[in-house]
Amino acid sequence: MLLSTDPAQLAAGRWQAESGNSGEPLILPAAEVGRRLLAAQRCDSPRILGCMDPSEAPPLADADDVGDADTEDAQTEDAEIVESPGTAADPGAARLGAGGAVSVGLVFSGGGAAAEAWHAGVVRALHAVTGWDARRADLILGTSAGAVTGLCLRAGIPPADLYAHRRGEPVSTEGQAIIDRVITPYREGRSERDWNEQGPQSPTLAARALWPPWQTRPLHAAVGLLPRGTRTTEALQQRLAELHPEPWPAQPFWVTAVRLSDGERVVFGRDDIQATAAEAVRASCAVPVMFEPVDVDGQRYVDGGVHSYTNADLMGPPAFDLVVVSSPMSGAAGWSSVRGSLSQAWTKARDAVGLGDAQQAESDRAWWSEALELAWSDGRAFRAARRQWVDDKLREEVEGLRRRGASVLVVEPDAVGVELVDTGNDADVDRTGHAGEEADRGHPAQIWRSELAADADQAVRRLLSGRVGLRFAGMLRRAAG
């Protein structure tokens with residue numbers, strides 16, 4: 001039985017299976033599609049989706065269509081381009097498109113309100129520069145806040161309106177009609193922990209994460225050992241259900257979360273799990289310790305970012321000609337920033353307790369402990385360490401996609417953008433993205449979101465105007481038709 005790459009079926013969120021005997025079409029449900037896609041990763045047949053014979057792979061584009069197709073590696077300050085053209089000689093050149101069309105997978109990372117604003121700027125600029133509408137993506141994959149953005153697009157909000165809404169600006173009549181569906185005010189309730197819930201929320205997860213010792217997962221272990229969160233998000237789920245009234249989008253939409261019982265990543269929309277889109281997105285946004293785990297189909301789930309902020313490895317197979325990854329939490333900074341933050345706090349603490357350079361280090365004042373406290377309470381060292389972890393995971397995922405023959409475009413902030421993202425940790429900036437029903441353009445939170453969306457927009461424009469970026473702009477123009 002072969003999986004068809006009929007674009008009409010893809011647009012309907014379904015794949016078609018054809019029997020080798022009768023030739024009668026059989027429309028597979030999403031759960032069966034997920035199982036077959038997983039099996040395709042291990043298949044030997046040259047015709048199964050994800051294992052297409054490379055000699056049958058359609059060409060990407062003519063040179064005149066895509067501009068300069070030089071394969072020289074290139075990076076800009078705003079984004080990373082990982083190019084692997086996927087020609088007929090490339091064994092990873094499986095395609096979801098047909099008739100030479102370019103297939104595009106779109107990945108939205110987690111990252112709270114910062115991610116929502118950044119993603120809005122990215123999709124708006126992609127549409128403005130190339131004409132490619134993110135609503136037409138062959139697959140949208142979202143994690144945490146990225147899943148919110150993905151559902152907004154699958155609900156039909158145009159990219160330009162998503163950008164305008166994040167900036168507190170007027171939107172089109174089409175976009176406003178969709179936004180007006182949401183009538184439930186956003187609020188977070190609180191649940192009380194009883195005496196039995198003061199301890200670890202999932203000892204089983206902690207044990208699995210720490211054994212075997214040569215394959216430990218420290219973040220998973222921490223999630224299992226810490227108590228459950230107490231903030232509730234029923235209002236968020238209701239708002240998402242109003243935004244997208246249908247149980248699941250007609251076009252392919254995947255949402256990641258982590259199962260609390262064993263720490264395994266699950267993919268709503270692909271795996272055999274009964275959930276609505278609103279339930280799935282709420283589960284993906286359940287930040288451990290802060291929010292309550294979300295019960296779906298008899299299991300408890302937490303934020304998909306516990307596994308990876310991006311989860312971009314899920315984009316192959318099935319393979320795409322181009323994978324666009326919007327990732328505001330990776331990029332510049334990293335461990336060098338951690339060391340810098342610690343060094344600054346170290347010096348500040350020494351000066352504060354009267355231990356300048358002329359003082360003796362053997363003083364009984366524990367200035368070093370104050371330095372560490374300052375570094376972590378300031379938050380810069382923690383944010384830089386987190387960014388380095390996100391960055392390392394993303395690079396590993398991108399390399400895997402490159403080996404499968406996909407061209408990968410990662411849009412992430414430069415050093416200035418990183419500072420802008422991190423400003424959202426200030427006490428006067430609300431990072432939930434849901435504080436007010438009406439945008440107050442003078443509020444620090446709204447100013448921050450507006451600036452961040454604009455920074456993402458400019459990052460994409462600079463990227464696609466570069467020498468190698470012209471190739472990706474051409475691919476997106478071709479995908480736009």
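What you see is a predicted model; the values in this text were computed from it and never measured.

Participant: Would you explain helix α8 (residues 203-210) in this entry?
Facilitator: Every α-helical turn comprises 3.6 residues, leaving residues that sit three or four positions apart pointing alike. Within the span of α8, buried status applies to L205, A206 and A209. Looking straight down α8, one finds its buried side chains confined to an arc of 100 degrees; they lie on one side.

Participant: Looking at this structure, I do not really get the pattern of salt bridges. What am I missing?
Facilitator: Any two side chains of opposite charge can pair, on the condition that their charged atoms come close. Applying the stated rule across the entire model yields 17 salt bridges. The shortest N-O distance in the salt bridge between R135 and D133 comes to 2.7 Å. For E399, the salt bridge identified is with R402, shortest N-O distance 2.4 Å. Here R402 and E399 lie together in helix α14 (residues 380-403), a separation of three residues that amounts to about one turn. A relative accessible area of 30% places R402 in the partly exposed class. Through salt bridges with shared partners, one network takes in R124, D457 and R461.

Participant: Please explain the environment of R124 as it appears in this structure.
Facilitator: Its place among the elements puts R124 in helix α4 (residues 112-130). Using a relative accessible area of 27% as the deciding quantity, one classes R124 as partly exposed. Taking the C-alpha atoms as reference points, R124 and D457, separated by 333 residues in sequence, lie 6.8 Å from one another.

Participant: Honestly, helix α17 (residues 469-480) in this entry has me stumped. Any pointers?
Facilitator: In this model, α17 (twelve residues) spans 17 Å end to end at C-alpha, consistent with the 16 Å of a helix rising 1.5 Å per residue. Most of α17 is tucked away, with nine of its twelve residues classed as buried. Residues of α17 that are buried include every one of G469, R471, F472, A473, G474, M475, L476, A479 and A480, and no others. With its phi angle positive at about 80 degrees, G481 sits one or two positions after the end of α17.

Participant: Explain the packing of aromatic side chains to me, please; I cannot follow it from the model alone.
Facilitator: Any pair of aromatic rings gets described here by the distance separating the centres and the angle formed by the planes. Tallying each qualifying case throughout the model produces three aromatic pairs. For the ring pair F268 and Y301, a centre distance of 5.3 Å and an interplane angle of 70 degrees mean the geometry is edge-to-face. Remark: Y301 occurs in strand β13 (residues 299-303) and F268 occurs in strand β11 (residues 265-268); sequence separation between them is 33 residues. Neither residue differs from the other here; F268 and Y301 are each classed as buried. Judged by centre distance (6.1 Å) and plane angle (80 degrees), the ring pair of Y309 and W389 falls under edge-to-face. Remark: W389 occurs in helix α14 and Y309 occurs in the loop between β13 and β14 (322-326); sequence separation between them is 80 residues. Accessibility expressed as a relative area gives 29% for W389, which makes it partly exposed.

The rules behind these values
- Residues numbered from 1 in each chain as written.
- Predicted model: local features only at pLDDT ≥ 70, side-chain atom pairs only at ≥ 80, totals over all residues.
- Heavy atoms only, no water.
- Buried < 20%, exposed > 50% of the residue type's maximum accessible area, 1.4 Å probe, protein only.
- Helix = DSSP H or I, 4+ residues; strand = E, 2+ residues; numbered from the N terminus.
- Arc of directions from axis to C-beta.
- Salt bridge = Lys/Arg side-chain N within 4 Å of Asp/Glu carboxyl O.
- Expected span 1.5 Å × (residues − 1).
- Phe/Tyr/Trp six-rings, centres within 6.5 Å; stacked < 30°, edge-to-face > 60°.

These figures come from the coordinates and say nothing about function on their own.
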